[in-house]
Amino acid sequence: MATRVLEGLSNGQVDLRVLNVEGDFHQHNLAVEGKSLFELLKPITDASHTRDRKRSPPDSACLPGTRKGVIRWIVSWVSSSVLIRRRHILWVYGYAGCGKSAIAQEISERVQSEGRLLATFFFCRNAGDRSEIGRLPNTLANQIATSLPETVPLIEAAVKAEPELLQVKSSFSLGARLQRLLYEPFKAAAGQASLAKYFLSTPYLIIIDGLDECDDKEGVQEFIATTLRFFKHNPSIPLRIMITSRVEHHIHSLLTTGGGVLLKDLADHCSRDDIENFMQTVFDAKTKSDPVIQAHIRQNGSWPSRADSQKLVDYIGGSFIFASTLFKFIFESSTSDVDHSTPLDRFPLALNIDPGLDGLYTQTLARSECLPHFTEIISSLALLARPLPISGIAELLDIQASAVAHVLVDLQAIVQVPGTDDAPVNFYHTSLRDFLTTESRSRRFFAPPSFHKADGCWAVFDGISLRPSLAPRISLFQFN
């Protein structure tokens with residue numbers, strides 16, 4: 001008979017989920033016979049570079065003609081023999097919005113076209129399993145089995161010998177699972193090649209994007225330590241790993257120790273030309289579809305003027321996320337009955353917003369703050385550990401889906417609003433969540449961790465309120 005177990009609190013965070021446990025709670029034996037490797041591994045299917053980026057952020061990609069220098073440099077590193085460029089790990093780091101995920105996406109696609117991409121994993125904060133590290137070994141192993149079929153019997157043998165390797169919570173450490181499911185099968189498969197091919201072939205590549213967006217800092221350090229140790233013991237293995245992240249102590253402290261990691265600061269590769277190309281591409285596309293802008297250009301000449309364009313590029317600096325968000329602010333029309341502004345009107349406003357994302361977030365949020373349920377909706381989006389669809393947010397807050405949509409529709413410069421009520425609502429960039437949960441930055445838009453709806457019909461768990469009717473779906477409602 002199935003037993004329902006409600007997991008509780010850890011480190012001050014609320015992590016509520018209902019588990020169905022058959023029989024003995026401590027039973028770990030798994031049936032592996034007769035199942036495909038995919039069924040056994042149960043990988044995260046929306047974590048790779050091939051995911052639908054509209055539904056599973058980050059929705060990042062390099063525009064044609066941009067980031068050419070750094071992309072050329074990374075491709076050269078990837079394709080060079082490990083006998084020539086011996087450092088197996090590349091850490092691409094930089095501030096939020098400098099284009100790390102876009103570059104990871106571009107490198108993924110290029111290396112895949114050359115048949116040398118083993119696996120990719122794009123971490124994403126506030127995205128359920130993709131903000132945790134437990135299923136990383138399974139997910140990478142599944143992709144490697146597809147990319148390099150020679151590893152399939154090796155992974156299957158490991159799983160049959162030790163079924164617990166498949167489980168996130170088991171007697172095996174994360175490092176041991178990475179070794180058995182990932183590194184050892186690749187090493188064995190690579191060792192089957194002739195010595196000449198082994199040493200001279202173009203290395204394979206694994207890409208780990210957004211490592212700083214993984215909530216498990218100890219797990220991140222174990223992943224890094226295991227990987228460094230593997231390459232130390234196998235200095236000639238034809239494998240490279242590219243990691244992207246912001247600079248955070250638990251990552252920086254390991255990747256910069258010992259000299260075994262190649263470092264690349266993206267701040268050195270955010271050129272003015274790239275921002276200008278980005279701006280030109282966006283403005284040309286929007287102009288072709290906007291009759292108001294077209295009429296203005298016919299009467300007044302080019303828009304914006306060269307001087308204004310240069311002023312905007314200077315204002316943006318080197319931040320692609322700021323540029324992207326600013327362009328959305330300019331071109332996304334408002335549905336307000338009192339706001340009939342056009343991109344022509346919003347362009348000068350954009351130049352007067354306080355510099356940086358905080359000013360832009362404040363200006364955009366102000367569009368909807370007078371609407372009913374604004375605070376509840378924005379706070380829920382900021383605090384939910386898993387993105388919900390409009391219908392799920394409405395059910396959580398016990399309001400109409402139309403009320404949620406009404407608030408979100410004017411925030412499309414910063415919030416990815418789906419076309420249907422059952423697709424998840426996401427922030428375009430995790431920096432918005434950081435903004436909303438930091439009172440000194442967001443001020444009146446601050447979403448306090450204690451936010452909850454005090455209603456007698458709701459059950460309260462450590463200050464977070466959830467209606468009992470949502471219990472079957474409680475794993476969706478995880479608050480940080």
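Residues numbered from 1 in each chain as written. Predicted model: local features only at pLDDT ≥ 70, side-chain atom pairs only at ≥ 80, totals over all residues. Heavy atoms only, no water.

By the naming in an unreviewed UniProt entry, the chain is Nephrocystin 3-like N-terminal domain-containing protein, taken from Candolleomyces eurysporus.

**Q** Please give an account of the pairing of strand 6 (residues 117-122) that cites residues and values.
**A** Counted residue by residue, strand 6 has six buried out of six residues, so it is predominantly covered. With five bridges joining them, strand 6 and strand 7 (residues 204-209) adopt parallel strand pairing. When the bridges of strand 7 are listed, Leu117 appears paired with Leu205. (Buried < 20%, exposed > 50% of the residue type's maximum accessible area, 1.4 Å probe, protein only. Helix = DSSP H or I, 4+ residues; strand = E, 2+ residues; numbered from the N terminus. Pairing = 2+ DSSP bridges.)

**Q** Give a detailed account of the nonpolar core, specifying residues and quantitative values.
**A** Of all hydrophobic cores here, the largest spans 56 residues; its most connected members are Phe283, Leu312, Phe327, Leu365, Leu408, Leu411 and Leu436. If near-sequence neighbours (up to four positions away) are discounted, Leu408 is found in contact with Ile377, Leu381, Ile390, Val415, Val417 and Val425. Of all hydrophobic cores here, the second largest spans 38 residues; its members include Ala189, Phe231, Ile237 and Leu255. (Core = buried A, V, L, I, M, F, W, Y, C linked by side-chain atoms within 4.5 Å. Contact = heavy atoms within 4.5 Å.)

**Q** Tell me about the packing of aromatic side chains, residues and numbers included.
**A** Counting across every chain of the model gives 15 aromatic pairs. Seen in terms of ring centroids, Phe278 and Phe320 are 5.8 Å apart; in terms of plane orientation they differ by 25°. Their pairing is stacked. With a gap of 42 residues between them, Phe278 in helix 10 (residues 272-288) and Phe320 in helix 13 (residues 320-331) connect regions that are remote in the sequence. Each member of the pair, Phe278 together with Phe320, is buried. Taken together, the aromatic side chains of Phe278, Phe283, Trp303, Phe320, Phe327, Phe331 and Phe347 make up a single cluster linked through ring pairs. Note that Arg51 overlies the ring of Phe122, its terminal NZ or CZ placed 4.5 Å from the centroid. (Phe/Tyr/Trp six-rings, centres within 6.5 Å; stacked < 30°, edge-to-face > 60°. Lys NZ or Arg CZ within 6 Å of the ring centre and 35° of its normal.)

**Q** Explain unusual backbone geometry to me, using residue names and the numbers behind them.
**A** Put simply, Pro57 and Pro58 share a cis peptide bond, and its omega is 5°. When you line up the elements, Pro58 lands in the loop between helix 1 (37-41) and helix 2 (68-79). For the peptide bond that leads from Trp303 to Pro304, omega is -10°, which places it in the cis range. Take Pro304: it is sitting in the loop between helix 11 (291-300) and helix 12 (306-316). The phi dihedral of Asp398 is positive, around 60°, even though this residue is not glycine. In this structure, Asp398 sits in the loop between helix 17 (390-397) and helix 18 (401-408).

**Q** So what's going on with the environment of Phe283? Which residues, and what values?
**A** Among the secondary structure elements, Phe283 is positioned in helix 10. Ignoring sequence-local partners within four residues, the contact set of Phe283 consists of Trp303, Pro304, Leu312, Phe327, Ile330, Phe331 and Phe347.

**Q** Before we move on, can you summarise helix 6 (residues 174-191) with the specific residues and values?
**A** Here helix 6 spans 24 Å end to end across 18 residues, near enough to the 26 Å set by a 1.5 Å rise per residue. Turning to helix 6, its buried residues are Leu174, Gly175, Arg177, Leu178, Leu181, Leu182, Tyr183, Pro185, Phe186, Ala189 and Ala190. (Expected span 1.5 Å × (residues − 1).)

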